[in-house]
Amino acid sequence: MRVLVTGKDGQVGRELAALPHTEFEMVMAGRGDCDLAREESIRSLVRRVAPDAIVNAAAYTAVDKAETEQDLCFAVNATAPGALAEEAARLGALLIHYSTDYVFDGTKGGPYVESDPVAPLNTYGASKEAGERAVAAANGRFLVLRTSWVYGSHGKNFLSTMLRLAQERPEIRVVDDQIGAPTSAGAIARATARLLRQYALPSTSVPSGIYHMTAGGSTSWCGFARAIFEARSAGANPQAVNPRILNPRVVAITSEEYPTPAKRPKNSRLSNDRFNLFFGFHMPQWQEQMAEVVAAVRQPNLVSFLRTPGERE
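Note that the coordinates shown come from a computational prediction; the quantities given were computed from them, not determined experimentally.

Membership of the largest hydrophobic core comes to 30 residues, with the highest contact counts inside it found for L4, L36, I42, I54 and L95. Elements that contribute at least two residues to this core include exactly α2 (39–49), α3 (70–91), α4 (123–137) and β5 (141–147). Residues contacting L95, with those up to four places away along its chain left out, are I54, N56, P81, L84, A85, A88, V135, R141, F142 and L143. In terms of nonpolar packing, the next biggest core, distinct from the first, is built from 28 residues, F24, A191, L196 and F275 among them.

Shown next, in the form of structure tokens:
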């Protein structure tokens with residue numbers, strides 16, 4: 001089974017590349033291999049590789065910057081997935097595409113299900129919702145996996161930002177009225193590999209469509225930050241690391257106290273029931289995923305981890 005993976009240098013792409021795939025022939029593609037803002041570049045790549053499955057792990061994820069780069073954001077998050085889906089349909093290949101909790105406005109009282117109306121609050125969310133529609137419109141075999149609050153041991157994300165801020169200041173103010181499920185790139189990659197194995201079986205009959213795939217449980221950004229520092233402290237050598245860096249004071253604030261160019265949904269909880277039913281497994285709890293990532297970025301790798309750039313893939 002030949003699998004084309006876009007976004008090889010991004011958080012999920014790097015985790016997919018690191019997994020053992022003896023049953024797959026993985027073709028990893030990054031910016032140098034394909035310009036996601038150019039539709040002809042995408043189609044040329046797919047036709048050259050001729051994969052049995054495509055995993056689109058590339059995306060424009062700079063949520064605030066997207067408010068002033070709308071054309072680029074939509075090109076990468078909406079037009080590109082549509083082109084990939086059309087090429088996949090032409091080949092009879094499966095497309096796995098990642099979407100986001102930001103397609104919802106966050107006003108629902110409980111976890112969102114796949115059939116709930118979408119109402120994105122910002123350009124990034126609107127571009128991802130447009131990408132979902134473009135993928136479905138190709139009428140091929142596809143899985144759109146909505147996930148949330150993605151982070152990992154590589155790239156720019158909430159966890160790396162918290163660890164960097166801990167080095168710079170004794171107190172960190174973090175929003176406490178936005179709720180969701182922090183989901184690690186590693187857990188997403190492992191679940192994706194499992195889905196690919198299932199779809200390689202002739203007996204697989206899971207229908208194409210949208211599925212929510214997030215970590216189990218939920219917390220606020222503030223709760224996530226505090227858990228990160230608790231996990232860091234539990235496994236660190238206090239004689240080797242400044243205690244202030246291990247345990248900065250985390251102060252809970254409201255979204256209104258931390259205004260951003262892009263508005264965020266306050267409720268980002270997604271129900272995984274449909275995913276669990278159709279695929280027969282659950283994503284690990286967010287605390288378990290977080291502990292694994294924190295362990296991976298402990299000294300001496302912390303400094304290099306904090307310096308890793310990258311938002312587009």
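On we go.
To continue, consider the pairing of strand β2 (residues 25–29). Both strand β1 (residues 2–6) and β2 contribute to a ladder of five bridges, which runs parallel. From the neighbouring strand, V5 faces β2, where its bridge partner is M28. With respect to chirality, the unit in which β1 leads through helix α1 (residues 11–18) into the neighbouring parallel β2 is right-handed.

A few words on the environment of T147. Relative to the elements of secondary structure, T147 occurs in strand β5. Spatially, the C-alpha atom of T147 lies 19 Å from that of G223, the residues being 76 residues apart in sequence.

Moving on, we get to α4. Relative to the 21 Å expected for 15 residues at 1.5 Å per residue, α4 spans 21 Å between its end C-alpha atoms, a close match to the ideal helical length. Residues of α4 that are buried: T123, Y124, G125, S127, K128, E129, A130, G131, E132 and V135. Of the surrounding elements, those touching the buried residues of α4 are α3, β4 (94–100), β5 and β10 (209–212). Of the residues trailing α4, N139 is marked for its positive phi of about 60°.

This part is about the sheet that holds strand β3 (residues 53–56). Strand order in this open sheet of six strands is β2-β1-β3-β4-β5-β10, and the pairing throughout is parallel. Edge positions in the sheet fall to β2 and β10, since each of these pairs with one other strand and no more. On average, each strand axis in the sheet is tilted by 20° relative to the strand beside it, whichever way the strands run. Across four bridges, β5 lies against β10 in parallel orientation. Residue pairing across strands places R146 opposite H212, the latter belonging to β10. Against the sheet, α1 engages β1, β2, β3 and β4, with an angle of about 150° to β2. Sheet strands touched by helix α6 (residues 185–199): β1, β3, β4 and β5. Its angle to β4, the strand with the most contacts, is close to 150°.

Tallying each qualifying case throughout the model produces 20 salt bridges. A salt bridge links R197 to E23, with the shortest nitrogen-to-oxygen separation between them at 2.4 Å. Here R197 is found in helix α6, whereas its partner E23 is found in the loop between α1 and β2, with 174 residues between them in sequence. Relative accessible area serves as the criterion here: at 36%, R197 is assigned to the partly exposed category. A residue is classified by how much of its surface remains accessible, and E23, at 35% relative accessible area, is partly exposed. Here R264 and D64 are joined by a salt bridge, their closest N and O atoms 2.5 Å apart. With R264 in the loop between β12 (249–253) and α9 (273–279) and D64 in the loop between β3 and α3, this residue pair connects regions lying 200 residues apart in the sequence. For D64, a relative accessible area of 24% corresponds to the partly exposed category. Each of the salt bridges in this network shares a partner with another, and the network as a whole consists of E39, R43, R47, E86, E87 and R90.

Attention shifts here to the packing of α2 against α3. Their axes nearest at 9 Å, the elements α2 and α3 cross at an angle of 30°. In this view, α2 runs roughly parallel relative to α3, as classed from their interaxial angle. Between α2 and α3 lies a crossing whose hand is right-handed. Within the contact between the two elements, α2 uses E39, I42, R43, V46 and R47 and α3 uses T79, A80, A83, L84, E86, E87, R90 and L91. Considering only residue class, the contact of α2 with α3 consists of six nonpolar, one polar and six charged.

Here is what the cut-offs are and how they apply
Residues numbered from 1 in each chain as written. Predicted model: local features only at pLDDT ≥ 70, side-chain atom pairs only at ≥ 80, totals over all residues. Heavy atoms only, no water. Core = buried A, V, L, I, M, F, W, Y, C linked by side-chain atoms within 4.5 Å. Buried < 20%, exposed > 50% of the residue type's maximum accessible area, 1.4 Å probe, protein only. Helix = DSSP H or I, 4+ residues; strand = E, 2+ residues; numbered from the N terminus. Contact = heavy atoms within 4.5 Å. Pairing = 2+ DSSP bridges. Right-handed = clockwise from strand over helix to strand, strands pointing away. Expected span 1.5 Å × (residues − 1). Axes fitted to C-alpha atoms, helices over the stretch in contact; angles between N-to-C directions. Salt bridge = Lys/Arg side-chain N within 4 Å of Asp/Glu carboxyl O. Parallel < 35°, antiparallel > 145°, perpendicular 65-115°, else oblique. Left-handed = near helix turned anticlockwise from the far one by under 90°. Nonpolar A, V, L, I, M, F, W, Y, C, P; charged D, E, K, R; others polar.

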